[in-house]
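For reference, the chains in residue letters:
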Amino acid sequence: MTTVAFLDFVRGPLFQIAVAIFFAGLFIRFVEILVLGRKTDFSEPRQSGTGAGFKTVFSRSVPEAGTFKRSAFTIIAGYVFHIGLFVALVFLAPHIALVRDTTGLSWPNLPTPVVDFATVAAIGALVAILVNRMRDKVLRFLTGFEDYVAWTATFLPLLTGYMAFHHLLLRYELMLALHILSVELLLVVFPFTKLMHTFTLFLSRWYTGSAFGRKGVQS
Amino acid sequence: MPAHETLGEMLAARGISRRAFLKYTSWLATLMALPPGMAPAMAEELAKAKRQSVIWLSFQECTGCTESITRSFSPTLEDLIFNFISLDYHHTLQAASGEAAEHAREAAMAENKGKYVVVVDGSVPVKDGGIYSTIAGISNLQMLEETVADSLAVIAVGTCAAYGGIPHANPNPTGAVAISELVKGKPVINIPGCPPIPEAMTGTIAYLLSFGKLPDLDTLGRPLAFFGESIHDRCYRRPFYERGLFAKDFDDEGARSGWCLFEVGCKGPITYNACATLKWNGGVSFPIQSGHGCLGCSEPDFWDKGGFYRPLSTPLRDITPTAAVAAGIGAAAGLAAGALHRAIKKDAAKNHHTVTVDNLEKSS
């Protein structure tokens, strides 16, 4: 198989398969969570939980002073990684071109140096997080196989994407094919690992916030 | 022109000075990334070169390749070298027709056995015994096999000959294949492009005549001198790509400002050819310079890459139907799983027996 044929394969049939698994997985998990529901709370609510639920979705993004002091590294590295990934994913011109091609929606892209900075920062943060995890006895003990899979599946698209855009190491068509392949791996493992938190986090934060709100306590 | 005449004699007869010829070989050596010292040696060898017998076979093609090569910006030295070649058989260019034409091919094959070069443009249909394209009652497949048997080397000119090209495009009704798939045991040089750049063609022939061997080829059989770098690598719009400035449309501000055409489907990053450096029509322009993205015509299956105007970062086919169906199946499976687990939970609650201390004592 030539490199170009490989690129066609990952852009063609393989991408369709990955997208199918991703969406099917996403909906299985989401619908099941919603169908299962929670036990009905029979206690009389002190106030409606809805507002508190929405508030918590956002307020929990800001670390509390005590927590920040105890694990400043994890929080800062986590922020750098998440913002970097978001910028690279959402504001790189070829990614917007993909969304526009699929859905018709588009928005302005950021200049390449800005996206580059975000990407390199995200890659650096991911490496730092992994090193920290390996060095800390407790963290290492708590880390399972799935965590390493999630880390790798997130790291590879960032690395190959950066190298493809800048034509590093391999010929562009091969690096682009590897980038798309790594994204397909991410799409496939996404619904079945902790990576699902990208979506479920809003659900669980809202639930916690609204439960606390009903009781009239701070969330 | 007598058959024994050398290229040097022919050029002298046409009033080309040695100085002009050296300039040409220097240009050619530079073009093909050969050491500068090679230019005089090339001039020497080329001047001594005898007329090379060439049999040009045209199969499933559109004659665009011949048009390109015969219309290289004349009069140039490439033209003269092209004239110098003893083109013993060529449908479009030869005066003879019918049986006389076929005789010319057979005569050239017999006279120059083992020494003639076969140039092929067009792909060969192999489906149903190759009946979809015949010349003088002979199928393309049969003619290729016959002609190539005693040749020195084969040059596949144009994307159809190099990779199957347009006839090979999905659904490929004639079973068209590339020349390299049919020719075994002979060196095959691919000079793809739709059409190929004339200089890539003449440069490769000049190299063959000067050094008597094949130039360095890449994995797809293309001379590295012309196909070693991508269009994108040498594109004058590359700085816009680096800065993230892209035309979104052929009529927007970005297009008018000459920004990168990646988002309107330019295939320059995955296309290896010399358009961005040699350009066309005597160095006047090339597609990207005239505002259109590269189609990727010198790459295999360039017709089947999901559309010329879709960016490289998009999937080849629309993913929304797949996503919708998958989401539907996923939702149904989620409902089923949810219902099943609810039922299990309900069942467990119903069958739950309270364990007392007495029970525990009994069992132990």
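Given the structure is predicted, the values throughout are model-derived calculations rather than measurements. (Residues numbered from 1 in each chain as written. Chains lettered and ligands numbered in written order. Predicted model: local features only at pLDDT ≥ 70, side-chain atom pairs only at ≥ 80, totals over all residues. Heavy atoms only, no water.)

Caption draft 1: Spotlight on the interface of chain B and chain A. The partner chain A presents 38 residues to the 44 residues of chain B that form the contact. When chain B packs against chain A, close to 3,800 Å² is buried across both sides, 59% of that on carbon and sulfur atoms. Summed over the three residues of chain B that lose the most area to chain A, namely B:Tyr241, B:Leu316 and B:Ile319, the buried surface amounts to 12% of that side. The tally of links from chain B across to chain A stands at three salt bridges. The closest approach of N and O atoms between A:Asp101 and B:Arg310, which form a salt bridge, is 2.5 Å. Where chain B packs against chain A, one counts 24 residue pairs in polar contact (both at pLDDT 80 or more). Only α13 (238–243) and α16 (320–350) of chain B provide two or more residues apiece to the side of chain B that touches chain A. Of the residues that constitute the side of chain B that touches chain A, the class distribution is 21 nonpolar, ten polar and 13 charged. (Contact = heavy atoms within 4.5 Å. Buried area = accessible area lost by both parts, 1.4 Å probe. Salt bridge = Lys/Arg side-chain N within 4 Å of Asp/Glu carboxyl O. Polar contact = N/O pair within 3.5 Å; in protein donor to acceptor, adjacent residues only side chain to side chain. Helix = DSSP H or I, 4+ residues; strand = E, 2+ residues; numbered from the N terminus. Nonpolar A, V, L, I, M, F, W, Y, C, P; charged D, E, K, R; others polar.)

Caption draft 2: Looking closely at a positive patch on the surface. Together, A:Lys39, B:Arg342, B:Lys345, B:Lys346 and B:Lys350 make up a region of like positive charge exposed at the surface. Its location among the elements puts B:Lys345 in helix α16. (Patch = residues over 30% accessible without salt bridge, like charges linked within 9 Å, V, L, I, M, F, W, Y side chains within 5 Å. Areas by Shrake-Rupley, 256 points an atom, 1.4 Å probe, with all protein chains shown as cover. Lys, Arg positive; Asp, Glu negative; His and termini not counted. Charge placed at Lys NZ, Arg CZ, Asp CG, Glu CD.)

Caption draft 3: Molecular detail of unusual backbone geometry. Residue and element names in this part refer to chain B. In this structure, the amide linkage connecting Asn170 to the following residue, Pro171, adopts the cis form with an omega of 5°. Tracing the backbone through its elements, the reader meets Pro171 in the loop between α9 (165–168) and β8 (176–177). Geometrically, the link from Cys194 to Pro195 is a cis peptide bond, its omega value of 0° lying close to zero. Position of Pro195 among the secondary structure elements: in the loop between β9 (188–191) and α11 (198–211). Of note, the phi angle at Thr63 is positive, near 70°, even though the residue is not glycine.

Caption draft 4: Expanded view of the sheet that holds strand β3 (residues 117–121) of chain B. All names here are of chain B. If you walk across this open sheet you meet the five strands as β2-β1-β3-β7-β9, and the pairing is parallel. Whereas interior strands pair on both sides, the edge strands pair on one side only; in this sheet they are β2 (86–89) and β9. Strand-to-strand twist in this sheet, taken as the mean axis angle between neighbours without regard to direction, amounts to 25°. Across three bridges, the pairing between strand β1 (residues 53–58) and β2 is parallel. Bridging from a neighbouring strand, Val54 pairs with Leu87 of β2. With respect to the sheet, α11 is in contact with β1, β3, β7 (153–157) and β9, its orientation differing from that of β9 by roughly 155°. (Pairing = 2+ DSSP bridges. Axes fitted to C-alpha atoms, helices over the stretch in contact; angles between N-to-C directions.)

Structural measurements only, silent on function.
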